[in-house]
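Residue-level listing of the chains:
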Amino acid sequence: MLGNFSYCNPTKLYFGENSLENLSAELKKYGKNVVLVYGNNSAKKNGIYDEVVEILKKNQKNIAEIPGVMPNPTVEKLYEGIEIARKHNVDLLLAVGGGSVCDYCKAVSVSVNCDEDPWQKYYIDFDEPTCETIPVGCVLTMAGTGSEMNAGSVITNHKSKLKIGHVFADEKIMPRFSVLNPKYTLTLPHYQMVAGIYDIFNHICEQYFSGDDDNTSDYISEGLMKSLITSSRIANKDSQNYEARSNIMWTATWALNTLVAKGKSTDWMVHMLGQAVGAYTDATHGMTLAAVSIPYYKFIMPYGLEKFKRFAVNVWNVNPGGKTDEETALEGLKAMENWMKELGLVMNITDLGASEDMIEGIADSTLILEGGYKTLNHEEIAKILKECL
Ligand code: NZQ
Ligand code: ZN
């Protein structure tokens, strides 16, 4: 465990079938004016919206709403929400939904009292808020992003073909509390469930595939990956299996709440490629990651061979006996690819709506990060993307 770091995660979690019972106690900590934020139809259809509104009313809150937060929330929707929150003199932003709704609330939180353009300030210049921010609470309905316990917020700008995530430096931007009821995830369509599962897996990979020291974070990551693989196989066959879905939900939170990044440089290039594909296609986040992963990992494998071998042996139970390190590592990636296909993930960007003529543009939109085993250049990004078609 080399390096120096601090760790602080102030999000209070309430987990389990009865977790919503704790919402009342949390609400008492904030002022009267609550802005309730949710997506399209799912929360109304499955009754979660009604349950939350009843609790808000019992606590005599003045409720304003921002409905219709779309998957991959847009900058236009952000501007609309800021106005609603300002008019309501908001004390608490309450997200009821998945990562998109929770991310969106954080973006509104840092923008309500900001007199600059939030897109430019937070997503182009990567500035930190200098204004007072609004507390965010979350009732999570989809497992995947980890947004319920982190300070990340991803916003899409279709005009400039950019999908950009800002991980805010101040822990105050993390939700103050999150209600995690695995039952709420049971109504997710299979496509969203498996996209979320792969998102979780890839968050762990992005942090695991970096560095070469002996680091406790890597051992935790391997445990999380094994739990996820086991539970995903159960949930894939029996989507109503509460135990599997609860493990998936808990793993999602720990996969991206800064814990397993401790002492690591972290890679995040699958996310950069996936987000650029998302900016062009508006495809589901987890599927964009699945579609670019195998060509990316095959490309960088020679630069991080030791770790890829360890991944094969410790996560996928590959027997290294009589094999070269490269053969063992490749067998690990093959096992991962087979698992992805078993879940029914989208394995190429063509099926997400990308085409060859978009490759240069997608490569231009891909932010290049330097924490992984190989820093890519523009040509290498374009080459990998072509292999993803
Ligand atoms: O809009 P509704 O009708 O609610 O439907 C949603 C949406 O269509 C549906 N859904 C959610 N809960 C449901 C449900 N349907 C039935 N039953 C339920 N219980 O699922 C669809 C997808 O929801 P969304 O919130 O978009 O999914 P996800 O949680 O994957 O969030 C994706 C967004 O998070 C960002 C992504 O880029 C993307 O914009 N990310 C945020 C991160 C972070 N904060 O750290 C990291 C991630 O890597 C990711 O980039
Ligand atoms: Zn992700």
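Residues numbered from 1 in each chain as written. Chains lettered and ligands numbered in written order. Predicted model: local features only at pLDDT ≥ 70, side-chain atom pairs only at ≥ 80, totals over all residues.

So, on to the overall build of the protein chain. If you tally the helices and strands in the protein chain, you get 15 helices and 8 strands. Since a compact globule built from 389 residues should have a radius of gyration of about 21 Å, the 20 Å found for the protein chain is in line with a globular shape. Taken over the C-alpha atoms alone, the protein chain extends approximately 70 × 45 × 40 Å along its principal axes. Sorting the 389 residues of the protein chain into buried and exposed places 51% on the buried side. Pairs at least 24 residues apart make up 78% of the contacts formed inside the protein chain by residues separated by at least 6 positions. (Helix = DSSP H or I, 4+ residues; strand = E, 2+ residues; numbered from the N terminus. Rg over C-alpha atoms; globule rule 2.2 N^0.38 Å. Buried ≥ 20, exposed ≤ 12 C-beta atoms within 10 Å, placed from the backbone. Contact = placed C-beta atoms within 7 Å.)

Glancing now at the pairing of strand β4 (residues 92-97). The buried fraction of β4 is high, at 6 of 6 residues. Side-chain alternation along β4 places Leu92, Leu94 and Val96 on one buried face and Leu93, Ala95 and Gly97 on a second face that is also buried. By the bridge criterion, 5 bridges tie strand β2 (residues 33-38) to β4 in an arrangement that is parallel. Following the sheet pairing, Val34 is matched in β4 by Leu92. Here β4 runs beside strand β5 (residues 136-140); their pairing, made up of 5 bridges, is parallel. Within the sheet, the bridge partner assigned to Leu94 lies in β5 and is Gly137. (Pairing = 2+ DSSP bridges.)

Turning next to the environment of Asn33. For Asn33, the location among the structural elements is in strand β2. C-alpha of Asn33 to C-alpha of Ile63: the two residues are 30 residues apart in sequence and 6.2 Å apart in space. Excluding residues that lie within four positions of it along the chain, Asn33 makes contacts with Asn62, His88, Asn89, Val90 and Asp91.

Tracing the chain through its elements places Ala107 in helix α5 (residues 99-109). Separated by 44 residues in the primary sequence, Ala107 and Ala151 place their C-alpha atoms 10.0 Å from one another. Excluding residues that lie within four positions of it along the chain, Ala107 makes contacts with Leu78, Pro118, Ser153 and Ile155.

Under the domain assignment, the protein chain is made up of domain 1 (12-185) and domain 2 (190-387). Here the C-alpha centroids of domain 1 and domain 2 sit 27 Å apart. Listed as interface residues are 21 residues of domain 1 and, on the opposing side, 28 residues of domain 2. For the side of domain 1 that touches domain 2, the elements supplying multiple residues, two or more each, are β1 (12-15) and β7 (162-167). A total of 3 residues in the side of domain 1 that touches domain 2 trace back to one element, the largest contributor, which is β7. Taken together, the residues of the side of domain 1 that touches domain 2 sort by class into 9 nonpolar, 8 polar and 4 charged. (Domains from an automatic or database assignment. Nonpolar A, V, L, I, M, F, W, Y, C, P; charged D, E, K, R; others polar.)

This next bit is on helix α9 (residues 242-255). Taking 1.5 Å as the rise per residue, α9 with 14 residues should run 20 Å; its terminal C-alpha atoms sit 20 Å apart, in good agreement. Among the 14 residues of α9, 12 are classified as buried, and the element is accordingly described as predominantly covered. Taken together, the buried positions of α9 are occupied by Ala244, Arg245, Ser246, Asn247, Ile248, Met249, Trp250, Thr251, Ala252, Thr253, Trp254 and Ala255. On the buried face of α9, the contacting elements are β1, β8 (177-180), α7 (190-208) and α8 (216-237). (Expected span 1.5 Å × (residues − 1).)

Counting residues in each nonpolar core, the largest one holds 121 residues, and the members touching the most others are Val37, Leu93, Ala95, Val96 and Val277. Tallying contributions element by element places α7 first for this core, with 10 residues. Structurally, this core is a two-domain feature, drawing no fewer than three residues from each of domain 1 (12-185) and domain 2 (190-387). With residues near it in sequence (within four places) discarded, Leu93 still touches Val35, Val37, Ala85, Cys105, Val108, Ser109, Ile134 and Val136. (Core = buried A, V, L, I, M, F, W, Y, C linked by C-beta atoms within 7 Å.)

We now examine the sheet that holds β5. Spatially, β1-β8-β5-β4-β2-β3 is the arrangement adopted by the 6 strands of the open sheet, whose pairing is parallel. The sheet is open, and its two edges are formed by β1 and β3 (62-66), each paired on a single side. For this sheet, the mean angle separating the axes of adjacent strands, direction not counted, is 20°. Across the sheet, helix α4 (residues 75-87) is in contact with β2, β3 and β4; its angle to β3 comes to roughly 170°. (Axes fitted to C-alpha atoms, helices over the stretch in contact; angles between N-to-C directions.)

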